[in-house]
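# Commentary on secondary and tertiary structure
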Amino acid sequence: MSALDHVIVALDNMNKNQIFEFLQKADNKIPTIKIGLEQFCNYGQDFVFEIREKHKLNIFLDLKLHDIPNTVHKAIASLNGLPLELLTIHLTGGARMIEEALIAARENLAGTKIIGVTYLTSLDQSDFKQLWGFEEEQIKGQFQRLIKLALDQSLHGIVCSPLELDWVKEIENAHDNNVLKVCPGIRFAHEIGKNQHDQKRVMTPTEAMDKGADYLVMGRSLTQCEDLVSGLKNLFSV
Ligand code: C5P
């Protein structure tokens, strides 16, 4: 397995032509791409098949489903047969929603792993306080409750910021069980504090892998970098 096998490139902020140009430039160096809400709302299921057919890539469909259990079940069932490696739901949808997501995936998406989003990496302490009234010292417990829920429901993995990986490890150790850890909020060292866009809880690729991430989700740091080939080559050198 090469280091780039741990990197998932988020294909946001581009139209279809730009995406195919980007993939051409990447020259088969990226094994897995992420299609998010933007592209799925724009181009739908046909686009997923088209990308798979043209580039033979692994596909992570990041829909972050969050609704009542029946609606999430039906939404996943309607993706029947899509060639997906990973699909996201929000853990805050609760145990029943997670159960229905897993049932629908088993029935309709052979081999797709369902991954639960903890809290968005665009949220920080002041958002946690504003939204849920969490004081700083309560945040760890709130994360760990969601991580435990993912383990209890036998979800395949979770999405979290690399800053929470130590908290995930504590819960994994306590329950003698592991989940796949997929981490967005990744920025090159030279971007941290200067060019984080809307990401607030960030780390570099090397730091995140050292902390135990299984996959890094990287969007704008790669899709908008001047020299993609050297960006990919130097991903883990800083
Ligand atoms: O461009 P950037 O590297 O910030 O892209 C990160 C990607 O990861 C985006 O597609 C975003 O939707 C996704 N994501 C995230 N935070 C989460 C879950 C997914 O940033 N908690």
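As a starting point, this report considers the structure included with it. (Residues numbered from 1 in each chain as written. Predicted model: local features only at pLDDT ≥ 70, side-chain atom pairs only at ≥ 80, totals over all residues. Heavy atoms only, no water.)

Here Q153 lies in the loop between α6 (139-152) and β6 (157-159). With relative accessibility at 17%, the residue Q153 sits in the buried group. Residues in contact with Q153, not counting those within four places in the same chain, are A95, I98, E99 and L102. (Helix = DSSP H or I, 4+ residues; strand = E, 2+ residues; numbered from the N terminus. Buried < 20%, exposed > 50% of the residue type's maximum accessible area, 1.4 Å probe, protein only. Contact = heavy atoms within 4.5 Å.)

Once that is clear, we can look at helix α4 (residues 95-108). With 14 residues, α4 extends 20 Å between its outermost C-alpha atoms, agreeing within 8% with the 20 Å of an ideal straight helix rising 1.5 Å per residue. For α4, the full list of buried residues reads M97, I98, E100, A101, L102, A104, A105 and N108. Looking at the packing, one finds that the buried side of α4 touches β3 (58-65), α3 (69-77), β4 (86-90), β5 (113-117) and α6. (Expected span 1.5 Å × (residues − 1).)

Attention shifts here to the side chain of E164. Tracing the sequence through the fold places E164 in the loop between β6 and α7 (165-175). With a relative accessible area of 2%, E164 lands in the buried category. A polar side-chain atom of E164 sits 2.6 Å from a polar atom in the side chain of R201. Each residue touching E164, except ones within four places of it in the same chain, is listed here: F143 and R201. (Polar contact = N/O pair within 3.5 Å; in protein donor to acceptor, adjacent residues only side chain to side chain.)

Time to look at the site of the ligand. Near the ligand lie 17 residues; those nearest to it are D12, K34, T121, Q199 and R220. Taking R187, its side chain carries an N or O atom lying 2.8 Å from an oxygen atom of the ligand. Of all the elements in the fold, those that place two or more residues in the shell around the ligand are β3 and β8 (215-218). (Near = heavy atom within 4 Å.)

Take the sheet that holds β4 next. Across a sheet, strands are paired by hydrogen bonds formed along the backbone, either parallel or antiparallel in direction. The strand order around the closed barrel formed by eight strands is β1-β2-β3-β4-β5-β6-β7-β8, and the pairing between neighbours is parallel. Ignoring strand direction, the axes of neighbouring strands in this sheet form an average angle of 25°. Where strand β7 (residues 180-183) and β8 come together, two bridges link them in parallel fashion. Residue V182 lies in a different strand from β8, and its bridge partner there is Y215. (Pairing = 2+ DSSP bridges. Axes fitted to C-alpha atoms, helices over the stretch in contact; angles between N-to-C directions.)

A separate point is helix α2 (residues 37-55). If you check α2, its first and last C-alpha atoms are just 20 Å apart, much less than what 19 residues at 1.5 Å a residue would give, namely 27 Å. Burial in α2 covers these residues: Q39, F40, G44, F47, V48, I51 and H55. Looking at the buried positions of α2, the neighbouring elements they touch are α1 (16-26), β2 (32-36) and β3. K56 occupies a position one or two residues after α2 and carries a positive phi of about 50°.

For the rest of this paragraph, the subject is the packing of α3 against α4. With their axes 8 Å apart at the nearest point, α3 and α4 run at an angle of 20° to one another. One finds that α3 runs roughly parallel with respect to α4. Both α3 and α4 take part in a crossing whose hand is right-handed. Together, P69, V72, H73, I76 and A77 of α3 and R96, M97, E100, A101, I103, A104, A105, E107 and N108 of α4 make up the contact between the two elements. (Parallel < 35°, antiparallel > 145°, perpendicular 65-115°, else oblique. Left-handed = near helix turned anticlockwise from the far one by under 90°.)

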